[in-house]
Amino acid sequence: MRIFDIIDRKKNGNTLTDEEIRFFVKSVVDGSASNEQIGAMLMAIVIRGMDEWETEMLTQAMAESGDRIDLSGVDGIKVDKHSTGGVGDKTTLILVPLVASLGIPVAKFSGRGLGLTGGTIDKLASIPDMHTNLTEDQFVSQVKRIGAAIATTGKNLDPCDKKLYAIRDVTATVDSIPLIASSVMSKKIASGADAVVLDVKCGSGAFMKDKRGATRLADLCIKIGRKAGLRMSAVISDMDEPLGNAVGNSLEVREAIEVLKGQGPSDLKELTLRLASHMVMLAGVADSAEEAEEMALKSIYEGRAINKFRQLLRAQGGRDVTEHPDLLPGDKFKGEVTADRDGYISSVDAASIGHAAAILGAGRLKKEDPIDYGAGVYLCKKRGDYVKKGERLMYLYSKSQKLIMDAEDDIRNAVSFSDQRPEDKKIVLEERF
Ligand code: URA
């Protein structure tokens, strides 16, 4: 079998065999396929597509390309959550301690951010002394001990996805339903959880721009997950506007702490509670979504959720930023953007804000770029708010005044106004079971 022939067959629109798919995955991982061949194969998949069966085979082969985490020693249904990535998405920071505070073990592997979307590991890295580089033994024993852990995916968890993702990122082949589904679900299968809730983002700041595509992706992931024996459900959530008010690593940690303490922006609270209720339902510890949401709210108001976050920080060496948020990095330069007219804000474009935050230093434009943990954007106003000319719309934070000026074009393009109040928009667009 030759990789050349497999690419050629996909290029001509054929359905690949299980053997061909496994050969491709093996060649990616052992380095016998060149980056050019991998890029060509990915582009052929983007253009010709893959049917459900091929996507399932690709997912299985990728999941088996490296180690599989064994969580069988942890009691209870282990529930995981995965977001397809968005701007200002800090729900993992809230959900892991919140759901764990209800006695449900959450063993979470997360990634670093690339492009517009932030990664949980970068957000946690803004907490002084916090370790996320846990060995499998440390990871599993922490979940046994305190019911929660968040760690970076080790080198050998789904190595095929790591290689494919890096090539997809530079060959314009990220936004393909079979490639996203296989990337997400192979990692989830290899991570060893019993149940997974997907947060499929939809809008300008997401890979899936429309609800139809997001729903197809969610349904496909659910099918693949169930075939692999996982309990699955999904939420499709809006990503036309950043989630919450904070975009940038330490700014997002502060906002996550606010929600864990019962405060914080309403869109972030609503989405987090809905995702929590899905996780609780999959764990089988509530009879209805309403009961599950009540349990989560109660844990927040009784202080159990924030206590679990403190415990998680302690276990992974992090300083207690819940009591001392001033320990989080803040940036020296602060810019301000004001409204240039009276009116309602009709949109705050997530893609433009994500791009501006990356320019300010909060994200990586290239994989090797360093991160400025204190950089970012804080939105003082969002869609539907009425503002007067000159009123503050947002703060910009960066290490350098020049970067603040560089980010201003994106920021100016991000906000649109109208004379009429825009219709209310939901944060949760759809739920799939
Ligand atoms: N998230 C992933 O893990 N993989 C993708 O391909 C896209 C989003």
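Residues numbered from 1 in each chain as written. Predicted model: local features only at pLDDT ≥ 70, side-chain atom pairs only at ≥ 80, totals over all residues. Heavy atoms only, no water.

J.: So what about the overall build of the chain? Which residues, and what values?
T.: Counting its regular elements, the chain contains 16 helices and 13 strands. Computed over the C-alpha atoms, the radius of gyration of the chain is 21 Å, within 12% of the 22 Å expected from 2.2 N^0.38 for a compact globule of 433 residues. Taken along its principal axes, the extent of the C-alpha atoms in the chain is 65 × 45 × 40 Å. Counting the 433 residues in the chain, one finds 57% classified as buried. (Helix = DSSP H or I, 4+ residues; strand = E, 2+ residues; numbered from the N terminus. Rg over C-alpha atoms; globule rule 2.2 N^0.38 Å. Buried < 20%, exposed > 50% of the residue type's maximum accessible area, 1.4 Å probe, protein only.)

J.: Account for the site of the ligand, naming residues and giving values.
T.: For the ligand, the full set of nearby residues is His82, Thr84, Tyr165, Arg168, Ile180, Ser183, Val184, Lys187 and Phe207. Taking His82, its side chain carries an N or O atom lying 3.3 Å from an oxygen atom of the ligand. Within the side chain of Lys187, an N or O atom sits 2.5 Å from an oxygen atom of the ligand. The protein chains hide 93% of the 240 Å² of surface that the ligand would expose on its own. Of all the secondary structure elements, the ones that give two or more residues to the shell around the ligand are α8 (159-170) and α9 (177-191). Of all the elements, α9 adds the most residues to the shell around the ligand, at four residues. When the residues that make up the shell around the ligand are grouped by side-chain class, the tally is four nonpolar, three polar and two charged. (Near = heavy atom within 4 Å. Polar contact = N/O pair within 3.5 Å; in protein donor to acceptor, adjacent residues only side chain to side chain. Areas by Shrake-Rupley, 256 points an atom, 1.4 Å probe, with all protein chains shown as cover. Nonpolar A, V, L, I, M, F, W, Y, C, P; charged D, E, K, R; others polar.)

J.: So what's going on with the sheet that holds strand β9 (residues 376-379)? Residues and values would help.
T.: The sheet built from four strands is open, its strands ordered β6-β9-β11-β7 with antiparallel pairing. Each having just a single partner strand, β6 (246-247) and β7 (333-338) make up the two edges of the open sheet. Relative to β9, β6 runs antiparallel, the two being bridged by two bridges. Directly across from Ala246, in β9, lies its bridge partner Tyr378. (Pairing = 2+ DSSP bridges.)

J.: Can you break down the pattern of salt bridges residue by residue, with the values?
T.: A complete count under the given rule lists 38 salt bridges for this structure. Sharing partners across several salt bridges, the network here consists of Lys211, Asp219, Glu430 and Arg432. (Salt bridge = Lys/Arg side-chain N within 4 Å of Asp/Glu carboxyl O.)

J.: Describe in detail the sheet that holds strand β12 (residues 415-418), supporting the description with residues and values.
T.: Spatial strand order, β10-β8-β12: three strands in an open sheet with antiparallel pairing. Strand pairing shows two members of the sheet lacking a second neighbour, β10 (386-387) and β12, which therefore form its edges. Alignment of strand β8 (residues 343-348) against β10, held across two bridges, turns out to be antiparallel. Looking at the pairing, Tyr344 lines up with Tyr386 of β10.

J.: So what about the nonpolar core? Which residues, and what values?
T.: Ile127, Ile353, Val377, Leu393 and Met394 are the most contacted members of the largest nonpolar core, which totals 76 residues. Per-element accounting of this core gives the leading share, nine residues, to helix α12 (residues 266-283). Residue-level mapping places this core at the junction of two domains, with at least three residues from each of domain 2 (79-315) and domain 3 (330-418). Beyond its immediate stretch of four places on either side in the chain, Ile353 contacts Val87, Pro242, Val247, Val348, Val377, Leu379, Met394, Ile411 and Ala414. (Core = buried A, V, L, I, M, F, W, Y, C linked by side-chain atoms within 4.5 Å. Domains from an automatic or database assignment. Contact = heavy atoms within 4.5 Å.)

J.: How would you explain the pairing of β8 if you had to name every residue and give the values?
T.: In terms of strand pairing, β8 meets β12 through four bridges, oriented antiparallel. When the sheet's bridge partners are listed, Tyr344 is paired in β12 with Ser418.

J.: Run through the packing of aromatic side chains, naming residues and quoting values.
T.: Applying the stated criterion to the full structure yields three aromatic pairs. For the cation-ring pair, Lys334 lies above Tyr395, with the distance from its terminal atom to the ring centre recorded as 4.4 Å. (Phe/Tyr/Trp six-rings, centres within 6.5 Å; stacked < 30°, edge-to-face > 60°. Lys NZ or Arg CZ within 6 Å of the ring centre and 35° of its normal.)

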